[in-house]
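For reference, the chains in residue letters:
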Amino acid sequence: MIVKNKMKKILVTGGTGFIGSHTVVELQQNGCEVIIVDNLFNSSADVLEKIGIITGIIPAFEQFDLADPAPTAGFFSRHSDIDGIIHFAAFKAVGESMSKPLGYYRNNVGSLLNIHEGMKKNGIRDIVFSSSCTVYGQPDILPVTETAPIKPAWSPYGNTKQMCEDILRFTTASLPVRAIALRYFNPIGAHDSALIGELPLGVPNNLVPFITQTAIGLRQCLKVFGNDYDTTDGTAIRDYIHVVDIARAHVVAIERMMDEKGKSPLEVFNLGTGKGFTVLEIIQSFERVSGVKLNYEIVDRRPGDVEKVWADTSLANTELGWKAEKEIDEMMLSAWKWEKALSSNRVNGK
Ligand code: UFG
């Protein structure tokens, strides 16, 4: 008799958000059952239906705030069968965190603590945590490896990522908890179907949504922040990575822990491509794939920006057996297809 393995049930917090929604798709396509918790502060429940169209399964969903202990405890009492957690739910705007530091600490740190209580109560061991390359600040050595020193944070947002990694360092040492922290570089692009993607509220802070919104006519002109950096063309360098590549890494990470393949209770991996591009190179890639000439101007540097950062991805490549597959033009094309899909939905009043 063939005994089929029980489907793993994964809690995805922030699963209606940008990276969360793409990860839910990959999890479901890899045979996992998903339950999403999201407060919808920065996302929409429409995403659930879109995930349903892509995968054939509308994931289970509950709307509440994980920073609030009571509903979180109630959720874990009702769901004793969760096998693992991927924790995305967090505030993520660097600039906003400067003006609302308490909200950032309460939300980003508080939710991780509440989730830990639930894990303890239900005997859930495995959690994947969304971290960021922001923990490195401006690294001294490039490409940056996971062993590079953690620099003092430049924003409460960055600080919450460092604090959450610290919390995991100690909880994985003393509680029956195992974690993988994934340090994302610059996630961009959208699902090939153009059904899910990034939905920035108001004026985008990030480069790629600003580029596509400018090209579609929602913004007048992209401001390129600084062209006097020590780089080939003077503009800042980042390691842009396709969101689906990032999503795939989460599936590998949660499976690694559940298959007992982790080498230590807390593992940390960089998720990047290993290649850096300047802002002007990103604009050129966009113009190449879209055929649209972008209106942009050079302005002063943006306070708080680092000059250049890109990842050494060898640890993720060898240990996770994961590698980013999509090249920059494909990333920009998918972002453009998504922007055009959003625009035609607006025209059709959807
Ligand atoms: N940029 C512009 N014009 C814009 C927006 C961005 O020139 O309108 C430039 C920035 O100066 C930077 C690059 O494009 O050089 C990328 O900027 P993003 O805002 O897209 O991304 P960041 O690298 O600043 O931010 C990302 C994540 C954060 C994280 C940070 C750590 O979005 O979550 O990396 O460095 F904290």
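Trainee: I'm lost on the site of the ligand in this one. Help?
Mentor: Around the ligand sit 18 residues in total, of which Leu207, Lys223, Arg238, Arg302 and Asp305 are the nearest. Contact between the ligand and Arg302: an oxygen atom at 2.8 Å from a side-chain N or O atom of the residue. Within the complex, 89% of the 680 Å² of free accessible area of the ligand lies under protein. It is strand 8 (residues 222-225) that contributes the most residues to the shell around the ligand, four residues altogether.

Trainee: Where do I start with the pairing of strand 1 (residues 9-13) in this structure?
Mentor: Each regular strand shows side chains that alternate between the opposite faces of the sheet. Most of strand 1 sits inside the fold, with five of its five residues counted as buried. The alternating pattern of strand 1 places Lys9, Leu11 and Thr13 and Ile10 and Val12 on opposite faces, both of which are buried. Bridge count between strand 1 and strand 2 (residues 33-37): five bridges; the pairing is parallel. Residue pairing for strand 2: Thr13 is matched across the bridge by Val37.

Trainee: How do you make sense of the sheet that holds strand 3 (residues 60-62) when you look at a structure like this?
Mentor: To summarise the sheet geometry, strands pair through backbone hydrogen bonds and adopt either a parallel or an antiparallel arrangement. Spatial ordering of the open sheet is given by 3-2-1-4-5-6-11, a layout of seven strands whose pairing is parallel. Either end of the sheet is taken by a strand with one partner, and the two such strands are strand 3 and strand 11 (266-271). With direction set aside, neighbouring strand axes in the sheet form an average angle of 20 degrees. Strand direction decides the pairing type here: strand 4 (residues 84-87) and strand 5 (residues 126-132), joined by four bridges, are parallel.

Trainee: Sorry, what's going on with the packing of helix 5 (residues 101-122) against helix 6 (residues 156-174) here?
Mentor: The packing of two helices is summarised by the inter-axis angle and the distance between the axes. Running from N to C, helix 5 and helix 6 point in directions that differ by 20 degrees, and their axes come no closer than 9 Å. Classed by the angle they form, the pair helix 5 and helix 6 counts as roughly parallel. Crossing of helix 5 over helix 6 shows right-handed handedness. For the pair formed by helix 5 and helix 6, the contact residues are Pro101, Tyr104, Tyr105, Asn108, Val109, Leu112, Leu113 and His116 on the first element and Pro156, Tyr157, Asn159, Thr160, Met163, Cys164, Ile167, Leu168 and Thr171 on the second. Of the residues belonging to the contact of helix 5 with helix 6, the class tally is twelve nonpolar, five polar and no charged.

Trainee: Help me understand the pairing of strand 8 in this model?
Mentor: Only one face of strand 8 is buried, namely the one carrying Leu222 and Val224, since none of Lys223 and Phe225 on the opposite face is buried. Note that strand 8 and strand 13 (residues 296-299) share four bridges and pair parallel. Note on strand 13: the bridge partner recorded for Val224 is Ile298.

So, how was this worked out
- Residues numbered from 1 in each chain as written.
- Predicted model: local features only at pLDDT ≥ 70, side-chain atom pairs only at ≥ 80, totals over all residues.
- Heavy atoms only, no water.
- Near = heavy atom within 4 Å.
- Polar contact = N/O pair within 3.5 Å; in protein donor to acceptor, adjacent residues only side chain to side chain.
- Areas by Shrake-Rupley, 256 points an atom, 1.4 Å probe, with all protein chains shown as cover.
- Helix = DSSP H or I, 4+ residues; strand = E, 2+ residues; numbered from the N terminus.
- Buried < 20%, exposed > 50% of the residue type's maximum accessible area, 1.4 Å probe, protein only.
- Pairing = 2+ DSSP bridges.
- Axes fitted to C-alpha atoms, helices over the stretch in contact; angles between N-to-C directions.
- Parallel < 35°, antiparallel > 145°, perpendicular 65-115°, else oblique.
- Left-handed = near helix turned anticlockwise from the far one by under 90°.
- Contact = heavy atoms within 4.5 Å.
- Nonpolar A, V, L, I, M, F, W, Y, C, P; charged D, E, K, R; others polar.

Without other data, these values stay purely geometric and don't point to any function.
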